[in-house]
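# Examining the three-dimensional arrangement
Listed here are the chains, written in short residue letters.
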Amino acid sequence: MPHNMTRIGRRAFVLSLGASAGAGMFAMASKSRRGSDDQEDQDRLTRDKPRDFSVNGDASLRERAAAKGLLYGAAAREQVLTSNPDFASAFARECGILVPENELKWQGIRPRFDRFNFKRADELADFARDHDMLYRGHTLVWHKALPAWFKEKVNSKNAEKILTDHIKTVAKHYAGKMHSWDVVNEAIEVADKRPDGLRKAPWLNLLGPDYIDIAFRAAAEADPKALLVYNENQLEHYNKPRNEAKRTQVLKLLERLKSKGVPVQALGMQSHLGSKPLGSQGKKLRQFVKEVADLGLKIIVTEMDVSEKLPWDVAARDRQVAAIYEEYLSIVLDEPATIAVMTWGLSDRYTWISKRIQRQDGASVRPLPLDAQLERKLAWNAIARAFDHAPQR
Ligand code: XIL
């Protein structure tokens, strides 16, 4: 685009690209502007100009992903799947893989120090098996969702044994049946200011940085068939130096683990996205997933949803959410190392975002592919389009 074009002229040019220009519009708009102006115009573009989110046929997300050698699935809560048959059948139709939203966390599976309760996670495993779906585990090590007894029972003398026993008990219970395990979740926090970027988490305090190695080795021993994943949040945010630092520290951690022969096999990118398009920042995402792949690791989008507080009407909000889904997934799925996409829930009726975001207009949040009535939304179309356009695996 010519440098001397006026602002209005440039805007008219961008708008005249038309609805079918798709994700390319973001790139086009951002090349022509600078800074926050850029961002505002991108947002307005999505709101004012209906984009083309059309898809061919009505094959499910599961089928579209499978057609490319990919997996699509979602997180679900046992209570919801077993109490709402309509939701359960929508889930079975759309998903090729299921991950328990909370049931495998320490709090969910180990109510007392000396008692494991596999009931709810087993029911989800049965649901997956009965509907010919894969099952994935989340998560063996996390600084959150620790049971109340944890502080009282665990100390630096017994921590290694408690951690390895826990991992072996849980991973062995599902051995051979798990597609993948999030072995360690959210271990990096640059705000904690350690040179290695590690979060000042309970396991770090108890065992030092080796807790990560210990966890992966125990998981590999307990279930040699499951793909072992390091799962992390906020790798997807591209405009803050803190997120840049986080990506750098995650890459360094993965490199360190690989060089020590720790059996980490994939990076999970949680992908809880906000309402801002990536625009010209998309190239950084492309670069990051390439660097992860160059380490010999697979990539899974593990917890995707898109939340926004935009003061717009529902149709415009849905268009924005869909645009964010398609823009993000089209980049991540371009990388052949990416093998699966999971959303953190399937329907807006059941989403953790409803507790996280208070909208000023009191309207409900709409971060997922199906609406609260289980109808497909534009976000569904956007994911479908991303699979349809993804290179074959
Ligand atoms: C969330 C669940 O969705 C909520 O139901 C629960 O109250 C808190 O945890 N990153 C993760 C997930 O790795 O385990 C979190 O799940 C969402 C953020």
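Report follows, based on the coordinates. Just so you know, these numbers come straight off a predicted model, no measurement behind them.

With 12 residues, helix H17 (residues 378–389) should cover 16 Å at 1.5 Å per step; its first-to-last C-alpha distance of 16 Å lies within 8% of that length. For H17, the tally of buried residues reaches nine of 12 residues, placing the bulk of the element in the interior. Within H17, the full set of buried residues consists of Ala379, Trp380, Asn381, Ala382, Ile383, Ala384, Arg385, Ala386 and Phe387. Considering only its buried residues, H17 is in contact with helix H4 (61–67), strand E1 (71–76), helix H6 (85–94), helix H15 (314–334) and strand E9 (338–343).

As a further point, take the packing of aromatic side chains. The way to describe two aromatic rings as a pair is by their centre distance and the angle between their planes. Evaluation of the coordinates by the stated rule reveals 13 aromatic pairs. Taken together, a centroid distance of 5.8 Å and an interplanar angle of 50 degrees make the contact between Phe87 and Phe91 tilted. Here Phe91 and Phe87 lie together in helix H6, a separation of four residues that amounts to about one turn. By the burial criterion, Phe87 is buried, and Phe91 matches it. With 5.4 Å between their ring centres and 65 degrees between their planes, Phe113 and Trp149 make a pair best called edge-to-face. Here Phe113 is found in the loop between helix H7 (106–109) and helix H8 (119–130), whereas its partner Trp149 is found in the loop between strand E3 (134–141) and helix H9 (150–153), with 36 residues between them in sequence. Within the aromatic cluster, the residues linked to one another by ring pairs are Trp106, Phe113, Trp149, Phe150 and Trp203. One residue, Arg247, lies across the ring of Tyr238, its end atom 3.8 Å from the ring centre.

Conventions used here
- Residues numbered from 1 in each chain as written.
- Predicted model: local features only at pLDDT ≥ 70, side-chain atom pairs only at ≥ 80, totals over all residues.
- Heavy atoms only, no water.
- Helix = DSSP H or I, 4+ residues; strand = E, 2+ residues; numbered from the N terminus.
- Expected span 1.5 Å × (residues − 1).
- Buried < 20%, exposed > 50% of the residue type's maximum accessible area, 1.4 Å probe, protein only.
- Contact = heavy atoms within 4.5 Å.
- Phe/Tyr/Trp six-rings, centres within 6.5 Å; stacked < 30°, edge-to-face > 60°.
- Lys NZ or Arg CZ within 6 Å of the ring centre and 35° of its normal.

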